[in-house]
Amino acid sequence: MTAVRHIPYKNRLAKLVQAPGGKRIGDALNDAKANLAELTDICLAEIDRAIAAVQAASAAETKTAETFDEVYAASNEMTGLAGLFGREDLGKAAHSLCELLDRSGSWERCPPVALKVHVDSLALLRHPDALSPMELAAILGGLEKVARKTARAAE
Amino acid sequence: MDPKSWINLEKAAILLVEPNSTNMQILKQVFAGFGARKPLACATADEAMEIATGQEVNLIVVSDTLGDMDGYEFVRTLRRSDTDQNVFTPVIVVSGHTKRRLVATARDCGANFVVAKPMSPQTLLERILWVAKECRPFVDTGTYLGPDRRFKDEFTDSTPRRRRKDADRPAAQAAETDQFKGAA
């Protein structure tokens, strides 16, 4: 049986964080949010590039393992960016696409209808202001339905 | 988090490891907002190990996807490395979607936290305060080296705690204590 060792250590960060000076937490958060807002245009352009990459690769006649990985990477990037810039639903759709691709593992095993629903949803959710509440609910409901179905099929 | 309490990251040596330039800009802007001065930044695990070998770092924030190895492997390598000064350095791994085959790897890599994107400034600051206060010992089981993965919920609230006044106690607890007093 392997012996378990408990190792005490000194948390250096603790001392630094508590040193006199610095910022109030409320100010630190406000400043971070203001700094982040400066990146909005850059990040939305990045999201547009990722959506275009997903659309192009999923519509291409020749599908390879590389393009499959590229679509996963682009969706994963959107998962991280969208929610930070007021596109929470787009982020959820991108995460759902990552889940679909991860479960499928390859183009051949990826259900085409589920893929199309996700790709179309990404483009629509990029501009949430152009959607009525009913349209938004229909898109999210459709995505959820597809995600549930593919998860059940994979189990 | 109490917005009126203070945090000082001015002198903390913070290492950001992120291969995507946009994501790196986001991290830098957020840390600048927190008051961190010139965090160290690099794009690969190799560069990060080189920095960790050469100097003392107080906090590492690393992406789960790096060019040369994934972020989890980087943490595992760091924890088992000879860089005495940074073996126990708090590490926060930032992940997007985690592939099913990597869930156990993420759990076992030895990071203090794995945080899912999108990571708001609020979430990141909460995690930083948490790792700064944390008193979990490190555990070496042979296959795992990192902070003890068992912890009580009471540690997850990073707000400084004060002793509760009697008036703040939940009614049931107060009644129970009063009953005990009565019995005594």
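Criteria and thresholds
- Residues numbered from 1 in each chain as written.
- Chains lettered and ligands numbered in written order.
- Predicted model: local features only at pLDDT ≥ 70, side-chain atom pairs only at ≥ 80, totals over all residues.
- Helix = DSSP H or I, 4+ residues; strand = E, 2+ residues; numbered from the N terminus.
- Rg over C-alpha atoms; globule rule 2.2 N^0.38 Å.
- Buried ≥ 20, exposed ≤ 12 C-beta atoms within 10 Å, placed from the backbone.
- Contact = placed C-beta atoms within 7 Å.
- Nonpolar A, V, L, I, M, F, W, Y, C, P; charged D, E, K, R; others polar.
- Pairing = 2+ DSSP bridges.
- pLDDT = per-residue confidence, 0-100.
- Right-handed = clockwise from strand over helix to strand, strands pointing away.
- Axes fitted to C-alpha atoms, helices over the stretch in contact; angles between N-to-C directions.
- Core = buried A, V, L, I, M, F, W, Y, C linked by C-beta atoms within 7 Å.
- Parallel < 35°, antiparallel > 145°, perpendicular 65-115°, else oblique.
- Left-handed = near helix turned anticlockwise from the far one by under 90°.

1. Thoughts on the overall build of chain A
- Within chain A, the secondary structure is distributed over 7 helices and 2 strands.
- Secondary structure of chain A in N-to-C order comes out as β-α-β-α-α-α-α-α-α.
- Relative to its length of 155 residues, chain A is extended, with a C-alpha radius of gyration of 21 Å against a globular reference of 15 Å.
- When burial is assessed residue by residue, chain A has 35% of its 155 residues classed as buried.
- Of the contacts formed within chain A by residues at least 6 apart in sequence, a portion of 60% connects residues at least 24 apart.

2. Comments concerning the overall build of chain B
- Looking only at helices and strands, chain B features 6 helices and 8 strands.
- Start at the N end of chain B and walk to the C end: the helices and strands fall as β-β-α-β-α-β-α-β-α-β-α-β-β-α.
- A burial count over chain B gives 39% of its 184 residues as buried.
- Within chain B, counting contacts between residues at least 6 apart in sequence, those at least 24 apart form 61% of the total.

3. Some thoughts on the interface of chain A and chain B
- Taken together, the contact between chain A and chain B spans 45 residues of the former and 47 residues of the latter.
- Breaking the side of chain A that touches chain B down by element, the ones donating at least two residues are β1 (5–7), α1 (12–17), β2 (23–24), α2 (25–37), α3 (40–59), α4 (65–81) and α5 (88–104) of chain A.
- Per element, the largest residue contribution to the side of chain A that touches chain B is 10 residues, and it comes from α2(A).
- Residues belonging to the side of chain A that touches chain B are distributed by class as follows: 21 nonpolar, 13 polar and 11 charged.
- Here β1(A) pairs with strand β7 (residues 138–140) of chain B via 3 bridges, running antiparallel.

4. With respect to the confidence of the model for chain B
All names here are of chain B.
- Scored by pLDDT, chain B has a mean of 84; 82% of the residues are at 70 or more.
- Model confidence for chain B, summarised as mean pLDDT per element, is weakest for helix α6 (residues 171–183) at 42 and strongest for strand β2 (residues 14–17) at 98.
- Under a pLDDT of 50 for its full length, residues 159–184 has, in the predicted model, 6 contacts with residues more than four places off or in other chains.
- Reported confidence for the predicted complex is 0.90 by ipTM and 0.86 by pTM.

5. Some details on the pairing of strand β6 (residues 113–116) of chain B
Residue and element names in this part refer to chain B.
- Relative to β6, strand β5 (residues 91–95) runs parallel, the two being bridged by 4 bridges. If you follow Ser95 over to β6, its bridge partner there is Ala116.
- Handedness of the crossover is the feature at issue here: the chain leaves β5, passes through helix α4 (residues 103–108), returns alongside β6, and the resulting connection is right-handed.

6. Focus on the sheet that holds β1(A)
- The sheet built from 3 strands is open, its strands ordered β1(A)-β7(B)-β8(B) with antiparallel pairing. Two strands in the sheet have a free side with no partner beyond their single neighbour: β1 of chain A together with β8 (145–147) of chain B. Between one strand axis and the next, the sheet turns through 25° on average, direction left out of account.

7. As for the pairing of β2(B)
Residues and elements named next belong to chain B.
- Neither face of β2 is exposed, since Ile14 and Leu16 on one face and Leu15 and Val17 on the opposite face are all buried.
- The pairing of β2 with strand β4 (residues 59–63) spans 4 bridges and is parallel. Bridging from a neighbouring strand, Val17 pairs with Val62 of β4.
- Two elements, β2 and strand β3 (residues 40–42), share 3 bridges in a ladder whose sense is parallel. Counted as the bridge partner of Val17 is Cys42 from β3.
- Taken together, β2, helix α1 (residues 21–34) and β3 constitute a β-α-β crossover, and its handedness is right-handed.

8. Things to note about the nonpolar core
- Judged by nonpolar contacts, the single largest core of 48 residues is most densely connected at Ile14(B), Phe34(B), Val62(B), Val75(B) and Val93(B).
- For this core, the element with the highest residue contribution is helix α5 (residues 121–133) of chain B, accounting for 6 residues.
- Once residues within four sequence positions are removed from consideration, Ile14(B) is found in contact with Leu9(B), Phe31(B), Ala36(B), Pro39(B), Leu40(B), Asn58(B) and Leu59(B).
- Core analysis: the second largest hydrophobic core is formed by 30 residues, Cys43(A), Val71(A), Ala114(A) and Leu125(A) among them.

9. Some words on the packing of helix α6 (residues 112–125) of chain A against helix α7 (residues 133–154) of chain A
Residue and element names in this part refer to chain A.
- The contact between α6 and α7 brings their axes to 10 Å, and the two run at 150°. Comparing the axis directions of α6 and α7 gives the class roughly antiparallel. Where α6 crosses over α7, the handedness of that crossing is left-handed. Across the interface between the two elements, Ala114, Val117, His118, Ser121, Leu124 and Leu125 of α6 pack against Ile139, Gly142, Leu143, Val146 and Thr150 of α7.
- Tallied by class, residues from the contact of α6 with α7 come to 7 nonpolar, 4 polar and no charged.

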